[in-house]
There are 2 protein chains.
Amino acid sequence: MSKLKRVYSFGKRTAEGKADMKNLLGGKGANLAEMCLLGLPVPAGFTITTEACTEYYENNCSLDPDLMPEVWAAMKLTEETMNMKYGDPANALLVSCRSGARKSMPGMMDTVLNIGLCSSTIPGFLKKTNNPRFVWDSYRRLIMMYADVVMEKAEGIELGEGRGIRKQLDEMLDAFKHKKGYKSDTEITADELKLLSEEFKKKVKDVLGTPFPDDAKAQLEGGIKAVFKSWNGKKAVSYRRIEGIPDDWGTAVNVQAMVFGNMGDTSATGVAFTRNPATGENLFYGEWLVNAQGEDVVAGIRTPSPLNDETKNEQNKHLPSMQEAMPKTYKELCDIRDILEKSFHDMLDIEFTIQENVLYMLQCRAGKRTGTAALNMAMDMLDEKLIDEKTAVLRVDPAQLDELLHPICNPDAEKKVKPIVKGLPAGPGAAVGKVVFTAEDAVAWFRKGEKVILMREETNPEDVEGMRAAVGILTARGGMTSHAALVARGWGKCCIVGAGGLHVEAASKTAKIHGSSVVIKEGDILTLNGTKGNVYTGAIALMDATENPRFQEFMKIVDKHRKMGVRTNADTPADAKIARDFGAEGIGLFRTEHMFYGKGSEQPLFLLRKMILSANETERRKALDELSGYVKKDMKATLEAMNELPVTFRLIDPPLHEFVPQSPDKQEELAKALGIKKEDVEKRGEALHESNPMMGHRGVRLGITYPEVTEMTVRAMFEATMELIKEGKKPHPELMVPVTCDVSELDVTKKVVDKIYNEVCKKFGVSKIDYKYGTMIEIPRAALLSDRMAKTAEFFSFGTNDLSQMTFGFSRDDIGGFMNDYLDQKMLAADPFQTIDQEGVGQLIIMSVQKGRATRPDLKVGICGEQGGDPASVEFCFKTGLTYVSCSPFRVPIARLAAAQASIKYGK
Amino acid sequence: MSKLKRVYSFGKRTAEGKADMKNLLGGKGANLAEMCLLGLPVPAGFTITTEACTEYYENNCSLDPDLMPEVWAAMKLTEETMNMKYGDPANALLVSCRSGARKSMPGMMDTVLNIGLCSSTIPGFLKKTNNPRFVWDSYRRLIMMYADVVMEKAEGIELGEGRGIRKQLDEMLDAFKHKKGYKSDTEITADELKLLSEEFKKKVKDVLGTPFPDDAKAQLEGGIKAVFKSWNGKKAVSYRRIEGIPDDWGTAVNVQAMVFGNMGDTSATGVAFTRNPATGENLFYGEWLVNAQGEDVVAGIRTPSPLNDETKNEQNKHLPSMQEAMPKTYKELCDIRDILEKSFHDMLDIEFTIQENVLYMLQCRAGKRTGTAALNMAMDMLDEKLIDEKTAVLRVDPAQLDELLHPICNPDAEKKVKPIVKGLPAGPGAAVGKVVFTAEDAVAWFRKGEKVILMREETNPEDVEGMRAAVGILTARGGMTSHAALVARGWGKCCIVGAGGLHVEAASKTAKIHGSSVVIKEGDILTLNGTKGNVYTGAIALMDATENPRFQEFMKIVDKHRKMGVRTNADTPADAKIARDFGAEGIGLFRTEHMFYGKGSEQPLFLLRKMILSANETERRKALDELSGYVKKDMKATLEAMNELPVTFRLIDPPLHEFVPQSPDKQEELAKALGIKKEDVEKRGEALHESNPMMGHRGVRLGITYPEVTEMTVRAMFEATMELIKEGKKPHPELMVPVTCDVSELDVTKKVVDKIYNEVCKKFGVSKIDYKYGTMIEIPRAALLSDRMAKTAEFFSFGTNDLSQMTFGFSRDDIGGFMNDYLDQKMLAADPFQTIDQEGVGQLIIMSVQKGRATRPDLKVGICGEQGGDPASVEFCFKTGLTYVSCSPFRVPIARLAAAQASIKYGK
C-alpha cells in the first residue's frame with residue numbers, strides 16, 4: 001500500500017489536483033487546482049484532503065503525526081512560488097486557512113485569515129509593506145478571528161449566550177471608537193490599532209485562559225485543527241441534516257498565500273456570478289468593495305458596489321462600479337469569466353481580490369441559483385452548445401422547479417398598495433406571513449402552524465433553521481451575495497435583503513421605517529414581493545405564476561429523457577384538469593371519500609351519514625342508492641377530464657366514525673334531519689369510536705363488513721365508464737382496494753365487484769368492460785406477501801404514508817411529540833413522511849416489487865403516497881423499477897423532472 | 001405414471017391399506033385395514049381415498065368417471081368376503097357410507113347407514129332376517145338419513161330454520177306415536193313402520209322435489225357424493241378452523257358391509273375406550289346399548305348401559321353391563337382391547353356391534369382424552385414399556401396441559417353447599433359462569449366479556465362454537481361418549497353431561513330441577529364441578545389444582561428433551577415465584593409500568609402523575625427521585641426471586657396519557673393533591689392525547705424526549721443489582737428497550753444508561769456490573785434493520801403483539817369490528833394475536849433472527865408477546881432458532897412441553 005498522500009499543492013499554472021477530485025480535495029480545493037491548470041492568477045497554496053479530516057475524527061480529534069511534516073513540505077513549494085517565506089522575519093508569507101467540503105456549505109464552517117503574523121514577522125512585514133495601518137489592522141483581525149475560531153469554538157469553550165470572545169472584542173472596538181468619536185473603522189489610526197491588538201491579546205488570555213499564540217507554526221497548526229473541528233460544529237451539522245449531506249464526508253482545508261484587498265485604494269475584493277443567479281440572464285453579475293477583505297463583502301456589513309453597469313440598482317447606483325474604476329482589471333476579470341464558463345460548462349460563483357492593481361482568483365464554484373435562473377441558464381447553455389440535453393435536464397434541481405409554479409403577488413392587487421420599504425430582490429416569488437424577529441421564534445411559530453416572515457438586521461449561519469421555517473426572509477442589510485440571499489436562493493425561498501429603510505430593533509421585537517411613522521410589531525402581517533424587492537404591510541392576494549414558454553420547452557426535453565410514468569393524485573374533475581395541464585399521464589389516486597369533505601359536500605355527506613346511522617342493511621342500501629348518483633357524477637367527470645388516460649379509483653378508505661359529527665349541536669341537527677333520536681347519533685358515534693383508528697375498521701375492512709358500500713362505489717364506476725363509452729369517450733378506470741393485508745381480502749372483494757360488473761354489463765348490453773383491479777400496498781404484511789397479492793391484483797400502488805406509519809410504528813398525527821427530538825439528535829436522516837425511508841420502508845417496497853413481479857411479470861407498480869412528488873423518492877422509485885409515481889397536481893412537473901434525471905443517471 | 005388407485009379394499013385378515021396410510025385413507029379407513037391385518041372381526045368393505053375427494057372438488061364437485069367402476073370392483077371383493085351381494089333380491093348386502101378424514105372430526109361430517117335397501121331387495125331381506133320390524137325400521141332410518149344427508153344437505157337445498165326434512169320426518173314420527181299413544185319407538189309395529197316409510201317417501205318427494213331413489217346403485221353413489229360434500233359443510237369448516245385442519249386434506253369415504261346391533265336382544269352396539277379417557281386409569285371403559293344402532297349411543301338419546309363393573313356409576317348402575325349380560329363376547333372384546341393397545345401403543349376409542357351374538361369391530365382410533373388422562377397414560381405406558389420417552393412427551397397435547405393447572409372448586413367452600421343436581425363428570429376442573437341456553441347466546445355473551453355456562457338438553461355439532469365460548473358445559477342427556485362429552489374433553493373444558501334431574505326448557509330460557517322448586521333462568525350464576533359431576537347455584541370459590549407428582553415427573557422428562565429456553569413474563573416478585581415453580585428459567589419481560597396498575601399502586605401512581613404533570617425538567621426529576629425507591633424495591637425483590645436466573649427489565653412502555661385520570665372528579669382530586677389547578681391536569685391530559693396512541697409517544701420515544709425517566713429506571717435496576725450482590729446474591733439483570741425502530745434509538749438510550757452505570761459503579765465502588773443491553777423487536781422496521789439493531793443490542797425479544805399489530809395494521813383494541821368477519825369467511829387462518837401469523841409476521845421474525853445473528857453470531861433471541869405460550873407459536877420459535885420463549889406464569893409448562901415436542905420433531 002502506497003503511503004497516504006494528505007496534502008496536494010497548487011501554484012502558478014500547475015497543480016497536483018484537478019476539478020474532478022472534489023471528493024478528496026473538496027469543491028474549493030479541486031477548483032483552485034483547476035484554475036491553476038487553466039493558467040488563471042491564483043495565489044499559491046495547498047489543500048489538505050478530506051481523508052485527513054476523517055482520519056482526524058477517527059484518531060479521536062488529533063492530527064496524524066505525518067500530517068504536519070507534509071504540510072511544511074508543501075509550504076516550501078508555496079514559498080518558492082510566492083517568493084516569500086512563512087514565518088520569515090524579513091519576507092513573511094501570510095496564509096489563509098479555509099474549509100472546503102465536497103459540496104458547498106456557505107458560511108457553515110470556519111476560516112482564519114492572516115495566519116503567520118506574530119511578533120517575529122510583524123517588523124519585517126511593516127518594512128516590506130510600508131503600511132503600518134494595514135499591518136496592525138491585519139493583526140487585530142487575526143487576533144479576533146483566531147481567538148473566536150481556534151481558541152474558543154474549536155476548543156469547545158462555553159462562554160454563555162452573547163459572551164463569546166468575538167463579541168467581547170467587538171464591544172472593545174466599539175467602545176474605543178465611541179470614546180474617540182469615530183464613526184467608521186477606517187478612522188482608527190495605525191498606532192491605535194497596535195494598542196488595541198495588545199489589549200485584545202490581554203483580553204483573550206483573561207477570558208480564554210491561554211495566550212494568543214505568538215508563533216507562526218503553532219498558528220497554522222491551530223488553524224488546520226479548527227477547520228477540521230468546524231465540520232462538526234452545530235451549524236454545520238444542522239445544515240448537513242437539512243441538505244442531506246453525509247456526516248462522514250469530512251472537509252478539506254485550503255491553506256493559501258494571503259493576498260490583500262485592503263492595502264488601499266488600488267486594492268479591492270469582490271464576488272461575482274458569471275450569469276445572473278436570480279434570473280439566469282447571461283450578464284456578468286457581481287459586487288465589489290475597494291480596500292476590503294473578502295469577509296466584508298460576504299458578511300453584508302458594508303453595502304457593496306456594483307461590478308458593472310448591468311449590476312447597478314436603486315441601492316447601489318451611486319457607488320463606483322469596477323467597470324468604471326478599474327477598467328483594465330475588469331477586462332481581465334471578464335476574460336477569466338469566459339475561460340471559466342467554457343471550462344466548467346456552468347454558471348460559476350467566483351471570489352477575487354485585487355492587491356495593488358494585481359488580480360487574484362481566490363475561489364470558483366458552481367453558483368447557487370433560483371429555479372427560474374437554473375432553467376433559463378440550462379436552456380441558454382443548451383442553445384450556446386455549452387451543454388447537451390441530458391446535462392440541461394440535470395442542471396435544474398427538481399425541488400427548485402417548485403418556485404416556477406409558486407404564487408406571485410396579484411399584480412392588480414399590488415398596484416393598489418404602496419410598499420412601505422424596498423430592498424434587493426434576493427429570492428423570487430411572493431410570501432405573506434406574520435413577522436417574527438428571531439430564528440427561534442420562526443421555528444416555534446412554524447411548529448404551531450403559522451406562516452412567518454423572518455425579519456432580521458442581517459442573517460448569519462445561526463439563523464438557518466429559522467430561515468427554513470419562514471415563508472419569506474427580509475433583512476435590512478446585506479447585498480445579493482449576503483448570507484441571507486445565498487441561503488434563500490438555494491432554497492428558492494422568497495427573500496428581500498438590504499432593505500436599508502428598515503430599522504430592526506430585535507430586542508423590542510419591533511421595526512421602524514426610516515422617514516415614516518410605521519412601526520412593525522411581532523405578529524404583524526407583511527407581504528414580500530421577492531421578485532421586485534417590495535415590502536407591504538397586510539396581506540396582498542397571491543396568484544399562480546403564469547407558465548413561461550421556456551418552462552414548457554424545458555419540460556419537453558425532460559419528457560424526452562424520462563422513462564417512468566407520472567400520474568397525479570386528484571379527487572375532482574377540476575384537479576384532474578390542472579394536473580393534466582401540468583403533464584400528468586393519468587390519475588394514480590382518486591379518493592372516493594373526497595366528496596364528503598369541503599365545499600359542495602353537504603348533500604353527499606348527509607347521505608353518507610344516513611348510511612352510517614342506518615339500523616340495518618336495507619336502510620343502508622337505500623341511503624347508498626341515493627348516494628350513488630353523486631359518486632357516479634364525480635367519477636364520470638373525472639374520467640372525462642382524463643379521457644384516454646387511466647384513472648385509479650380507490651374504494652372508501654377512512655373509518656366511518658370520521659363522518660359522524662362530534663359536537664352535540666351538530667349531532668342534534670343531524671338527528672333532526674334524519675328523523676331519529678340524538679341518542680342514536682351519539683350511540684352510533686360511540687360504537688364506531690376506535691382506540692387506534694389508523695389501524696381500525698377502515699379500507700377494505702369496511703367493504704368486508706358492509707359489502708353494499710363496495711357495491712355502490714363499483715356500480716358508480718362501471719356505470720360512469722359505460723355512459724362515457726356510449727358518448728364516444730375512452731375512459732380507462734382502475735379499481736384499487738385500500739388497506740389490504742392478505743390476498744383473501746382482494747378475493748372476497750373481487751366477488752362483490754364481479755357481481756356488480758355482471759349487472760352493469762347486462763344493463764348496458766355489453767359483454768365486457770375494460771378495467772383493471774389492483775391494490776394499495778400500504779400494510780407491511782401486504783408487502784411481505786406480495787407474491788400472493790399479485791395473484792389477484794393486476795397492479796400495486798404503494799401507499800407510502802400508511803406503509804411508513806406501520807413500518808415505523810409512527811402515527812403521523814402524533815409524531816409532533818417526538819419527531820423533532822429524533823431529527824435534532826440526528827437519529828433519523830429525514831422525516832419519513834416527506835421522503836421515503838429507503839433503508840427500512842424501502843426494503844419492503846423492493847421486496848414487494850420483486851415478489852409481485854415473480855407472480856405476475858407484467859404487474860404495474862406505482863406509488864401514490866405523498867412522497868411520490870419528492871425528488872429523492874422519485875429517484876428511488878425509478879431504481880426500484882416502478883411503472884409510475886403519482887403525486888399532487890402541483891408536484892407533477894417536479895416528479896417528471898426527477899424521473900428524467902433518474903433515467904439519465906441510472907437508466908440503461 | 002401408474003393409474004391413480006382410488007379404492008382400497010379390506011376384509012377378513014387382509015387389506016390393501018394399513019395403519020400408516022392415514023393421509024390417503026383417513027384415520028378410520030387406515031385403522032379398519034390395520035384391524036383386518038391384525039385378524040380382528042371387521043365387516044368387509046373398502047375405502048375411497050382422500051385424493052378422490054380432492055379430485056372431486058377439483059372437478060367442480062363431480063366424481064371422476066373412473067371412480068364408480070373402481071367402487072363396483074371393490075364391492076365384488078366385499079360381496080365375496082361377506083357372502084352376500086349388493087342389490088341382490090335374495091341375499092342383499094347392505095352397506096354404510098361414512099366419512100373419515102386424516103384427523104378425527106367427530107360428528108362433523110355425514111354418515112348414511114343401511115344403504116342398499118330398496119323395493120327390489122326388501123322382500124329377500126325380509127325373508128332372510130325373518131324380522132319384518134327390523135327390516136322396516138332399517139328402511140325408515142335409511143329414508144330419514146338419506147333424505148337429510150344426501151338429498152337435502154349435499155344438494156344445498158335451503159328449507160329454512162327448523163324446516164329441514166329430518167325435522168319434518170321426526171315430527172311425523174312423533175305425531176304418529178302421539179296418535180297411537182306410544183311412548184317409545186320400540187312400540188311401533190312392523191306394519192306401522194312400513195306405512196310410515198311410504199308416507200316418509202311421499203313427504204320427501206313433496207318437500208325436496210325428487211323421489212327417494214329406489215335403486216341400490218344410485219343410493220351408494222349418492223351416499224359417496226354426500227360424504228365428499230359434507231367435508232365442506234358449515235360445521236365441518238367451522239370445526240377445521242378451530243382445530244387448524246387444512247381445507248385441502250379432504251375426507252376418505254368408508255363403505256362397509258352393515259352389521260346390525262338392532263336385530264333383537266342378542267344384538268347390541270357399543271363404544272369403548274381402552275383406558276379411562278377422563279383419568280387415564282388402565283381400565284376398560286365403555287358403554288353399550290342392546291338392540292340399537294351405533295348412532296343411538298353417540299347421539300346420547302338413550303342413556304347407555306355400562307360396559308363393565310368399572311364403568312358403573314350413579315346414573316347407570318341399575319342397567320345391565322355387557323360383562324354381565326354377554327360374558328363370552330365381553331371376554332372376546334377384552335382380548336381385542338389388548339391386541340389393539342399392543343399394536344397401536346396408545347389408548348384407543350373403539351366402536352363395535354354385536355349382531356346375533358357375533359362381535360364386529362367397526363372402528364378404532366386414538367381416543368380423545370383429558371389432559372390429566374393424557375399425562376397419566378403417557379407415564380403408565382412408559383412404565384409398561386409400551387412407548388419410549390419421546391413418544392410419551394409427544395402424547396400430551398400442550399394445550400391440554402392447561403387443565404392440569406386449572407382451578408378446581410375450593411373443597412372447603414364446596415363442602416358447605418349442596419349440589420342442585422348431579423351428572424356425569426365429562427370434563428374435569430371447575431367453572432363458574434352465567435347460564436345461557438343457546439350456542440348463539442354463548443358466543444354473544446362471550447364477546448361481551450361474560451363467562452358463561454352453556455346449558456343444553458343435549459349438544460349437537462351445530463353447538464360447537466357456543467361450547468368453545470363457554471367456560472363450562474352442562475347437558476341433561478347423554479353419556480360419557482356423547483357429543484358434548486367428546487368435544488369438551490378434547491378441549492379440556494369443564495363439562496357435566498347426563499344431568500337427568502335437569503329439565504331444560506330452551507324456548508323459555510329456563511331450567512327446572514326434578515323434585516325441587518329451583519328455577520334456573522338465563523344469567524343465573526352456576527358453579528360446575530366437572531371432576532365430580534356436581535352442579536351448584538351461585539359462585540363457589542375456585543382454587544388452583546395442587547400439582548400431582550406425575551406431572552412433575554412428566555415435566556422432568558419433557559425438560560430432558562427440550563432444547564429451547566422457557567422464561568416468563570412477570571412483573572412482581574409474587575408472579576416470579578409462581579413462574580419459577582412452574583419451571584421458568586428466568587424472566588423474559590418485566591414491565592416497569594406494572595406498579596402503576598392494580599392494588600398497592602396508589603403511591604407510585606401518584607408520583608408518576610406528579611412527574612407527568614411537572615411543569616419542567618427540575619420538577620420532573622424531583623418526582624422521579626421519589627418514584628425511584630418504589631421501582632428499585634420491586635426490581636430487587638424480583639431479581640431475588642429469580643436469583644441466579646436472568647431478569648429482563650423493560651423500560652416504561654405505554655404513552656404517558658394513559659396515566660392521567662380522565663374523569664373530572666379524579667382530575668379534581670389529583671389537582672388538589674398536587675396543589676395545582678384542575679385546568680392544568682385537564683390541559684396536560686389534552687396535550688398528551690393522541691389520535692393513535694399505539695403508534696404514538698411511547699416506549700423508547702418517551703426516553704428520547706425525557707431521558708430522566710430512563711435514568712430513574714436504570715438507576716433503580718443497577719442499584720437493586722448492586723445491593724443484592726452485596727448481600728451475596730447472584731442477580732442477572734437485562735435491560736430491554738421497547739418500541740425501537742432504529743439503532744440510533746438504542747445508541748442514544750445507551751449513552752444515558754452508561755452515564756447512570758458509571759454513577760452507580762462509583763457509588764458502590766465497583767468497576768463493573770454484569771448486565772445485558774437489548775431491544776424489543778416489535779416494530780416492522782426494527783425487524784427489517786436487525787443487522788444494525790444487533791450492533792448495539794446484545795439480545796432481541798420479539799414483541800409479537802405489537803409486531804402483529806403493525807404488520808397487519810390491526811389495532812388489537814379495535815379488531816372487534818371486523819375480525820369475526822375475517823375468521824367467519826376464512827380470510828385468515830387464525831387470530832394473529834393468539835397464534836403467530838407465520839406467513840407474514842413470521843417472515844419478519846425469521847429475517848430479523850438471520851440479520852441479527854449475521855451481525856452478532858451469539859445474539860440471544862427470545863419472544864415475549866402473548867403468543868410465547870401458544871404451542872404452534874412455540875414450535876415456530878424453535879424452528880426459527882430462538883434462544884427462548886417467554887410467557888405468562890401459567891403457560892410456562894405448556895411452553896416447556898411444546899418446546900420439547902418441537903425438539904423431538906424438528907431437532908437435530
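Residues numbered from 1 in each chain as written. Chains lettered and ligands numbered in written order. Predicted model: local features only at pLDDT ≥ 70, side-chain atom pairs only at ≥ 80, totals over all residues. Heavy atoms only, no water.

**Considering the sheet that holds strand E30 (residues 732-737) of chain A**
All names here are of chain A. Stated precisely, the cut-off is as follows: One requirement defines pairing of two strands: DSSP has to find at least two bridges between them. Numbering of helices and strands starts at the N terminus; helices are DSSP runs of H or I of at least 4 residues and strands are runs of E of at least 2. Axis angles are defined between N-to-C directions and span 0 to 180 degrees, where every axis is a line fitted to C-alpha atoms and, for a helix, only to the segment in contact. Note on contacts: a residue pair qualifies if any of its non-hydrogen atoms lie within 4.5 Å across the two residues.
The strand order around the closed barrel built from 8 strands is E27-E28-E29-E30-E31-E32-E33-E34, with neighbouring strands paired in parallel fashion. Looking at each pair of strands side by side, their axes are set apart by 30 degrees on average, direction ignored. In terms of strand pairing, strand E29 (residues 646-650) meets E30 through 5 bridges, oriented parallel. Along E30, the bridge assignment pairs Val647 with Pro733. In this fold helix H28 (residues 743-764) packs onto E30 and strand E31 (772-777), with an angle of close to 145 degrees to the strand it touches most, E31. Together, E31, strand E32 (795-798) and strand E33 (860-863) form the strand contacts of helix H33 (residues 841-855), whose direction differs from that of E32 by roughly 175 degrees.

**Quick word on the relation of the copies chain A and chain B**
Keep this limit in mind: Alignment of the copies relies on least squares applied to C-alpha atoms, considering only residues that score at least 70 for pLDDT in both.
For the pair chain A and chain B, the superposition axis carries a translation of 0.0 Å, the fit reaches an RMSD of 0.2 Å, and the rotation angle comes to 179 degrees. The relationship between the two copies is best expressed as a two-fold rotation axis. Residue by residue, 100% of the interface of chain A is reproduced at the interface of chain B, so both copies engage with the same surface.

**A closer look at the sheet that holds strand E30 (residues 732-737) of chain B**
Residues and elements named next belong to chain B. Pairing within the closed barrel is parallel, and its 8 strands lie in the order E27-E28-E29-E30-E31-E32-E33-E34. This sheet shows a mean twist of 30 degrees between the axes of neighbouring strands, independent of strand direction. As paired elements, strand E27 (residues 565-569) and strand E28 (residues 587-591) share 2 bridges and run parallel to each other. In the sheet register, Thr568 faces E28, and the bridge partner there is Ile587. Against the sheet, helix H28 (residues 743-764) engages E30 and strand E31 (772-777), with an angle of about 145 degrees to E31.

**Looking at the confidence of the model for chain A**
The predicted structure's coordinates, where accompanied by low pLDDT, should not be read in detail. Counted only if it meets this: pLDDT measures how confident the predictor is about each residue, on a scale from 0 to 100.
For chain A, per-residue confidence averages 90 on the pLDDT scale, and residues scoring 70 or more make up 97% of the total. Interface predicted TM-score (ipTM) for the complex: 0.79; the corresponding pTM is 0.80.

**Comments concerning the interface of chain A and chain B**
Applied cut-off: For any pair of parts, buried area is found by adding up, for both, the accessible area (1.4 Å probe) each one loses once the two are put together. Each salt bridge in this description consists of a side-chain nitrogen of Lys or Arg and a carboxyl oxygen of Asp or Glu lying within 4 Å of one another. Nitrogen and oxygen atoms within 3.5 Å of one another constitute a polar contact, given that in protein one can donate a hydrogen and the other can accept it, and given that sequence-neighbouring residues count only through two side-chain atoms.
The partner chain B presents 46 residues to the 46 residues of chain A that form the contact. Roughly 4000 Å² of surface becomes buried between chain A and chain B when both sides are summed, with 56% attributable to carbon and sulfur atoms. The interface formed by chain A and chain B includes 6 salt bridges. The salt bridge involving Glu839 of chain B is made with Arg788 of chain A; its shortest N-O contact spans 2.9 Å. Where chain A meets chain B, there are 32 residue pairs in polar contact (both at pLDDT 80 or more). Of all the secondary structure elements, the ones that give two or more residues to the side of chain A that touches chain B are helix H26 (700-705), H28, helix H29 (780-784), helix H31 (800-808), helix H32 (819-824) and H33 of chain A.

**So, the pattern of salt bridges**
All names here are of chain A. Under the convention used in this document: Burial classes: relative accessible area under 20% of the type maximum marks a residue as buried, over 50% as exposed, and values in between as partly exposed (1.4 Å probe, protein chains only).
The full count for this structure, using the stated rule, is 135 salt bridges over all chains. As a salt-bridge pair, Asp137 and Arg141 come within 3.1 Å of each other at their nearest N and O atoms. Of this pair, Asp137 and Arg141 both sit in helix H5 (residues 132-153), separated by 4 residues, roughly a single helical turn. Take Asp137: its relative accessible area is 7%, and that puts it in the buried class.

**Some words on the side chain of Asn114 of chain A**
Following the sequence through the fold, Asn114 of chain A ends up in strand E7 (residues 111-115). Among all residues touching Asn114 of chain A, those that are not within four sequence positions of it are Leu94, Val95, Ser138, Arg141, Leu142, Met258, Phe260 and Gln293 of chain A.

**Comments concerning empty space enclosed by the protein**
One water molecule sets the probe size; rolling that probe over the atoms shows where empty space is left. All names here are of chain B. Basically, it comes down to this: As defined here, a cavity is a set of points on a 1 Å grid over the protein atoms alone where a 1.4 Å probe fits but cannot get out. A pocket is an open set with protein on both sides within 12 Å along at least five of seven lines, and residues line them when an atom is within 4 Å of a point. Grid points are joined across faces, edges and corners, and a volume is the space filled by probe spheres set on the points. In this count, Pro and Cys sit with the nonpolar residues alongside Ala, Val, Leu, Ile, Met, Phe, Trp and Tyr, while Asp, Glu, Lys and Arg are called charged and the others, Gly among them, polar.
Evaluated as defined, the whole model comprises 6 cavities of 30 Å³ or more. Approximately 70 Å³ is the volume attributed to the largest cavity. Every residue lining the largest cavity is listed: Leu651, Ile652, Gly699, Val700, Leu702, Gly703, Val709, Thr710, Thr713, Val737 and Thr749. Among the elements of the structure, helix H26 (700-705) and helix H27 (707-726) are those that each provide at least two residues to the lining of the largest cavity. Looking at the lining of the largest cavity, its residues break down into 6 nonpolar, 5 polar and no charged.

**As for helix H2 (residues 50-58) of chain B**
Residue and element names in this part refer to chain B. Of all the positions in H2, only Thr50, Ala52, Cys53, Glu55 and Tyr56 are classed as buried. Packing partners of the buried residues in H2 comprise helix H1 (22-37), strand E3 (45-48), helix H8 (216-230) and strand E8 (251-257). Residue Asn60 follows H2 closely and has a positive phi angle near 60 degrees.

**Let's talk about the pairing of strand E22 (residues 510-513) of chain B**
All names here are of chain B. In this sheet, E22 lies alongside strand E21 (residues 502-505) in antiparallel orientation, the contact comprising 4 bridges. Note that in E22 the partner of Leu502 across the bridge is Ile513. Between the antiparallel neighbours E21 and E22 lie 4 residues, among them Lys509 with a positive phi of about 55 degrees. Between the antiparallel neighbours E22 and strand E23 (residues 519-521) lie 5 residues, among them Gly515 with a positive phi of about 70 degrees.

**Quick word on the environment of Arg701 of chain B**
Position of Arg701 of chain B relative to the elements: it lies in helix H26. With a relative accessible area of 0%, Arg701 of chain B lands in the buried category. Counting along the chain gives 39 residues from Arg701 of chain B to Thr740 of chain B, while the straight-line C-alpha distance between them is 8.0 Å. Excluding anything up to four places from it in sequence, Arg701 of chain B contacts Phe808, Gly809, Phe810, Phe818 and Tyr822 of chain A together with Met695, Gly696, Val739 and Ile779 of chain B.

**Quick look at the packing of aromatic side chains**
Keep this limit in mind: By convention, a stacked pair of Phe, Tyr or Trp rings (six-membered ring in the case of Trp) has centres within 6.5 Å and planes under 30 degrees apart, an edge-to-face pair has planes over 60 apart, and any other such pair is tilted. Charge over a ring is defined by NZ of Lys or CZ of Arg lying within 6 Å of the ring centre and within 35 degrees of the ring normal.
Within this structure, the stated rule accounts for 36 aromatic pairs over all chains. Considering the side-chain rings of Phe810 of chain A and Tyr822 of chain A, the 6.1 Å spacing of their centres and the 80 degrees angle between planes classify their relative orientation as edge-to-face. Of this pair, Phe810 of chain A sits in the loop between H31 and H32 while Tyr822 of chain A sits in helix H32, and the two are 12 residues apart along the sequence. By the ring-pair criterion, three or more aromatic residues cluster together here, those being Trp136, Tyr139, Tyr146 and Phe212 of chain A. For Lys5 of chain A, the ring lying beneath its charged end belongs to Tyr8 of chain A, and the centroid distance is 4.8 Å. Sitting over the face of the ring of Phe795 of chain B, Lys860 of chain B holds its NZ or CZ atom 5.7 Å from the ring centroid.

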